[in-house]
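Now for the letters of each chain:
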Amino acid sequence: MTTLDIQRDVPLAPLTTLVLGGSARCFVRAEDEATLVDALRWAADEGISSSILGGGSNLIVPDEGYDGLVIHMRIADIEFRNGGTVDAGAGVPWETVVDGAVSRAWAGLECLSGIPGSTGATPIQNVGAYGQEVADAIAAVRVLRRDTLTFEELGPEDCTFGYRNSLFKREPDRFIVTAVRFALRPNAPGTIRYGELHKSIGADATLADVRRAVLHLRRRKSMLIDPDDPNRRSAGSFFLNPIVGAAEAERVVEQAVGQHLAASPADVPRYPVGDGKVKLAAGWLIEKAGIEKGTRRGAIGVSTNHALALVHHGGGTTADLLAFADEIRVRVRDRFGVKLEREPRLLR
Ligand code: EPU
């Protein structure tokens, strides 16, 4: 048994990018797997619940905090092996993985530049941006089973990845991710698939060019954490892009054109995602439901640069944030009959 340094009443807001919410009754840092296991045993002995905190960039902490043990995942080993394999502990900052891959000219993660948070969270929500999803680069995920406290290695097929979804998100109490193995492609060309990226760089762009262009796009949308950006306190996209059947998508398009919210069907952003399903753009729906970028409700607002991000301007509460999110959800439902789902995890 390692010596656990359990702290009491630790404020969680500073450990999240939204900078909101209360304290953890108990708190411990896990810099290795043994400490993680001991921490879980300790919580079980105390009869309290436990939850994992990663980079805090996709997390909403309730105002009342967490009445249990928060385990701050800090396993930070990283190894770049010959042939394009990266082994990264769950606590490695994501940007370290992307930067290391791009600087070695290993393709597969370049479009995922500038995403805040830690590596262990990336398989959970199958992080994706600008034409790449982390699932496409994952070779294995090392997990701790919560029921047996034993370690297992899962292959990508075990993880049942989907759009911002995985086994880990569907069954949050089953596994804790402790490390991820990526299989990248040395000296392969970058992925230049996303419309906006295509427009800004040529087909012969290097991985470093792709990375630079992605960082530029993210900065423009306030999706890069920059201390000088007034929209910096957010959890990125607050809602998922809704995936609907083709008939429902057509109904939304007709409604939008009928209500003069779009000049023609081509002006309603939507993307086929297979199986006859269509992905709608939540940011567009929010704006067209009358919630403009920059709309404020006290300390909480819609980002001035992207309608899908909710921003905490300081001095607010999680209750304010969730109330505004509900208001947005109702507005979109009333106007388009489309249900928006929250993207960041609520700690509980
Ligand atoms: N749009 C608007 N208004 C807005 C924002 C977007 O009308 O304020 C429209 C755009 O014009 C475009 C469409 O919505 O037609 C899509 O916009 P964008 O390319 O900015 O991407 P997104 O669908 O809003 C998703 C991810 C982002 C990721 C980008 C780029 C989700 C929930 N979000 O956003 O991921 O960076 O694509 O690939 O899938 C995150 O998950 O936190 C995140 C930032």
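Bear in mind that the values here come from a model prediction, so they are computed numbers and not experimental data.

(A) Structural context of helix α9 (residues 318-336). With 19 residues, α9 should reach 27 Å at 1.5 Å per residue; the first-to-last C-alpha distance of 27 Å fits that figure. The complete set of buried residues in α9 reads Thr318, Leu321, Phe324, Ala325, Ile328, Val332 and Phe336. Projected down its long axis, α9 shows its buried positions confined to an angular sector of 130°, all on one face. Buried residues in α9 make contact with β4 (59-60), α7 (246-258), α8 (282-288), β18 (296-297), β19 (300-302) and β20 (310-312). Taken from the residues just after α9, Gly337 is the one with a positive phi, measuring 65°.

(B) Expanded view of the site of the ligand. In the neighbourhood of the ligand, 24 residues make up the surrounding shell, with Tyr130, Arg164, Tyr194, Glu287 and Ala307 lying closest. In the environment of the ligand, a nitrogen atom lies 2.5 Å from a nitrogen or oxygen atom belonging to the side chain of Glu287. Notes on the ligand: free accessible area 810 Å², of which the protein chains cover 82%. A breakdown of the residues in the shell around the ligand according to their chemical character gives 13 nonpolar, five polar and six charged. If you count residues domain by domain, the shell around the ligand takes at least three from each of domain 2 (78-220) and domain 3 (234-346).

(C) Seen up close, the sheet that holds strand β11 (residues 138-145). Read from one edge of the open sheet, five strands run β6-β7-β13-β11-β12, paired in antiparallel fashion. Single-partner strands in this sheet number two, and they are β6 (78-81) and β12 (151-154). On average, each strand axis in the sheet is inclined to that of its neighbour by 15°, with strand direction left out of account. Pairing analysis gives four bridges linking β6 to strand β7 (residues 85-89), with the strands arranged antiparallel. Residue pairing in the sheet places Ile78 in a bridge with Ala88 of β7. Sheet strands touched by helix α2 (residues 94-103): β6, β7 and β13 (175-183). Its angle to β6, the strand with the most contacts, is close to 20°.

(D) Representation of the sheet that holds β20 in the model. Pairing within the open sheet is antiparallel, and its three strands lie in the order β18-β19-β20. Here the strands that pair on one side only, and so sit at the sheet edges, are β18 and β20. Here β18 pairs with β19 via two bridges, running antiparallel. Among the inter-strand pairings, Arg297 is bridged to a residue of β19, identified as Ile300.

(E) Structural context of the layout of surface pockets. A volume near 240 Å³ is recorded for the second largest pocket. For the lining of the second largest pocket, the secondary-structure elements that each account for two or more residues are β6, β7, β11 and β13. Counted by class, the lining of the second largest pocket contains seven nonpolar, two polar and seven charged residues.

Cut-offs applied
- Note that residues are indexed from 1 along each chain, following the sequence as it is written.
- Totals for whole chains, interfaces and linings use every residue, but because this is a predicted model, local features are given only for residues with pLDDT of at least 70 and side-chain atom pairs only at 80 or more, for both listing and counting.
- To obtain the side-chain values, all non-hydrogen atoms of the structure were used and water was disregarded.
- Runs of E in the DSSP output that reach at least two residues are strands. Runs of H or I that reach at least four are helices, and both are numbered from the N terminus.
- A helix is expected to span 1.5 Å for every residue after the first.
- Accessible area is worked out with a 1.4 Å probe on protein chains only. A residue is then buried under 20% of its type maximum, exposed over 50%, and partly exposed in between.
- The directions considered for the arc run from the helix axis to the C-beta atoms.
- Residue contacts are counted whenever heavy atoms from the two residues lie within 4.5 Å of one another.
- Residues are labelled near a given molecule or strand when at least one of their non-hydrogen atoms is within 4 Å of it.
- For this analysis, a polar contact is any N or O atom pair within 3.5 Å, provided that within protein one partner can donate a hydrogen and the other can accept it, and provided that sequence-adjacent residues contribute only side-chain to side-chain pairs.
- Only the protein chains shown count as cover for residues, and the accessible areas themselves come from Shrake-Rupley with a 1.4 Å probe.
- Each residue gets one label: Ala, Val, Leu, Ile, Met, Phe, Trp, Tyr, Cys and Pro are nonpolar, Asp, Glu, Lys and Arg are charged, and the others, such as Gly, are polar.
- An automatic or database domain assignment supplies the residue ranges for each domain.
- We treat two strands as partners when DSSP finds at least two bridges between them.
- Here an angle of 0 to 180 degrees is reported between the N-to-C directions of two axes, which are lines fitted to C-alpha atoms, with helices fitted over the stretch in contact.
- Here a cavity is any set of points on a 1 Å grid over the protein atoms alone where a 1.4 Å probe fits but cannot get out, and a pocket is any open set with protein on both sides within 12 Å along at least 5 of 7 lines; a residue lines the site when it has an atom within 4 Å of a point.
- Grid points are joined across faces, edges and corners, and a volume is the space filled by probe spheres set on the points.

These results come straight from atomic positions and should not be treated as a statement about function.
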